[in-house]
Amino acid sequence: MKIAIATKAFTTVSGHAGQVREWLLYDLSAHVAHQLLPAPQRIDLDKSQILHVFEDDTAHPLDGVDMVVCASAGDGFVRHMRKRGADVLVTGESDPTIAITRILAGEALTDPR
């Protein structure tokens, strides 16, 4: 499973997911429970790769993601990501590491503010 987290400066979970350029990508395909999380890959999108304006006519750095975590997202973004095969999880949790840890533990995330 791959989980992408929309961030501000790679440090806090960001809203307006369709406009975000800085993403943390966790590839959990080889992760085993009770082990440390793998280090996330930092993805810094070009302006043309921002999902709000991306044309879907070429490959995208977030292709293959199963879940997107963000602080806010519009209906259009949610529909767009579903077409790309990813679910969108909106949370009020501001720390990306806590968010991913709670997801893996099956715990509920805080509601968006």
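Residues numbered from 1 in each chain as written. Predicted model: local features only at pLDDT ≥ 70, side-chain atom pairs only at ≥ 80, totals over all residues. Heavy atoms only, no water.

(A) Spotlight on the environment of Ile50. Structurally, Ile50 is set in the loop between strand S4 (41–44) and strand S5 (67–70). For Ile50, a relative accessible area of 11% corresponds to the buried category. Between the C-alpha atoms of Ile50 and Asp95, which are 45 residues apart in sequence, the distance is 22 Å. Ile50 has contacts with Gly18, Gln19, Val20, Arg21 and Leu45, leaving out every residue within four places of it along the chain. (Helix = DSSP H or I, 4+ residues; strand = E, 2+ residues; numbered from the N terminus. Buried < 20%, exposed > 50% of the residue type's maximum accessible area, 1.4 Å probe, protein only. Contact = heavy atoms within 4.5 Å.)

(B) Geometry of the side chain of Glu93. Structurally, the position occupied by Glu93 is in the loop between strand S6 (87–90) and helix H2 (96–105). For Glu93, a relative accessible area of 11% gives the class buried. One polar contact links the side chain of Glu93 to the main-chain amide nitrogen of Asp95, over a distance of 3.1 Å. Other than its neighbours up to four places away in sequence, Glu93 contacts Val13, Ile98, Ala99, Arg102 and Thr110. (Polar contact = N/O pair within 3.5 Å; in protein donor to acceptor, adjacent residues only side chain to side chain.)

(C) The pattern of salt bridges, seen in detail. Under the criterion given, the structure shown has three salt bridges. With a shortest N-O distance of 2.1 Å, Asp63 and Arg84 are connected by a salt bridge. With Asp63 in the loop between S4 and S5 and Arg84 in the loop between helix H1 (75–83) and S6, this pair connects stretches of sequence that are 21 residues apart. A salt bridge links Glu107 to Arg102, with the shortest nitrogen-to-oxygen separation between them at 3.9 Å. (Salt bridge = Lys/Arg side-chain N within 4 Å of Asp/Glu carboxyl O.)

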